Amino acid sequence: QVQLVESGGGLVQAGGSLRLSCAASGSIFSINAMAWYRQAPGKQRELVAQITSGGSTNYTDSVKGRFTISRDSAKNTVYLQMNSLKPEDTAVYYCYGAVVLPWNNERACWGQGTQVTVSS
């Protein structure tokens, strides 16, 4: 009943920028932590950035200073602003949300993934 719909992925040259968006919909009471993960072919999925319901953020070292995660609680939406992109950032990016359902049951929800490709 809960869907996370991503947008904003694409192809960009090294040094360019992209902004990913992920909007959650369905029977949602609230959303606790939200995050962005990424997975490159043949590699493990890794946490890129996370944001709590209170707005505290955390980033993996490789994106610090370049990426910014933010959220709009009114829209149940999380964003990832990616600047100074590098070829190493190429991956499928997945949105995550710890969604609280009407009975206060927390469900781990994932977006479908969006491809980000950075050319060298």
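Residues numbered from 1 in each chain as written. Predicted model: local features only at pLDDT ≥ 70, side-chain atom pairs only at ≥ 80, totals over all residues. Heavy atoms only, no water.

Asker: Which parts of the structure should I look at to understand the layout of surface pockets?
Answerer: In this structure, the largest pocket occupies an estimated 180 Å³ of space. The wall of the largest pocket is formed by 13 residues, among which R38, A40, K43, E46 and E88 lie closest to the centre. (1 Å grid on protein atoms, 1.4 Å probe; cavity = no way out; pocket = protein on both sides within 12 Å on 5 of 7 lines; lining within 4 Å. Points joined across faces, edges and corners; volume = space filled by probe spheres on them.)

Asker: Honestly, the pattern of salt bridges in this entry has me stumped. Any pointers?
Answerer: Pairs may arise between side chains of opposite charge once their charged atoms sit close together. As enumerated under the stated definition, the model contains four salt bridges in all. Of the charged contacts in the structure, one is a salt bridge between D89 and R38, with a shortest N-O distance of 3.0 Å. One end of the pair, D89, is in the loop between β8 (77–82) and β9 (91–100); the other, R38, is in strand β4 (residues 30–39), with 51 residues separating them in the sequence. Each member of the pair D89 and R38 is classed as buried. Of the residues examined, D89 reaches a relative accessible area of 2% and is grouped as buried. Through salt bridges with shared partners, a single network forms among R38, E46, R66 and D89. (Salt bridge = Lys/Arg side-chain N within 4 Å of Asp/Glu carboxyl O. Helix = DSSP H or I, 4+ residues; strand = E, 2+ residues; numbered from the N terminus. Buried < 20%, exposed > 50% of the residue type's maximum accessible area, 1.4 Å probe, protein only.)

Asker: Honestly, the state of the cysteines in this entry has me stumped. Any pointers?
Answerer: Two cysteines joined by a covalent bond between their sulfur atoms form a disulfide. According to the stated counting rule, one finds one disulfide in the structure shown. For C109, which is in no disulfide, the shortest distance to another cysteine sulfur is to C95 and amounts to 9.5 Å. (Disulfide = S-S within 2.5 Å.)

Asker: Sorry if this is basic, but what is going on with the nonpolar core here?
Answerer: Within soluble globular proteins, side chains that are nonpolar generally end up buried alongside one another. Ranked by size, the top nonpolar core spans 31 residues in total, and within it W36, F67, I69, V78, L80, M82 and Y93 carry the most contacts. Mapped onto this core, the elements with two or more residues apiece are β3 (18–25), β4, β5 (46–51), β7 (67–72), β8, β9 and β11 (114–119). Those residues in contact with Y93 that lie beyond four places of it in its chain are E6, L20, W36, Y37, R38, V48, F67, L80, M82, G113, T114 and V116. (Core = buried A, V, L, I, M, F, W, Y, C linked by side-chain atoms within 4.5 Å. Contact = heavy atoms within 4.5 Å.)

Asker: What exactly am I supposed to notice about the side chain of T114 here?
Answerer: Among the structural elements, T114 can be located in strand β11. Engagement of the side chain of T114 in a polar contact is seen with the backbone nitrogen of G9, the distance being 3.4 Å. Apart from residues no more than four positions distant in its own chain, T114 is found in contact with E6, G9, L20, A91, V92 and Y93. (Polar contact = N/O pair within 3.5 Å; in protein donor to acceptor, adjacent residues only side chain to side chain.)

Asker: Explain the side chain of E6 to me, please; I cannot follow it from the model alone.
Answerer: Tracing the sequence through the fold places E6 in strand β1 (residues 3–7). Of the side chains with opposite charge, R45 comes closest to the buried, unpaired E6, at an N-O distance of 9.5 Å. Among the polar contacts listed, one links the side chain of E6 to the backbone nitrogen of G113, at a separation of 3.3 Å. A polar atom in the side chain of E6 sits 3.1 Å from the backbone nitrogen of T114. For E6, the residues in contact, after removing those within four places along its chain, are S21, C22, W36, Y93, Y94, C95, G111, Q112, G113 and T114. (Lys, Arg positive; Asp, Glu negative; His and termini not counted.)

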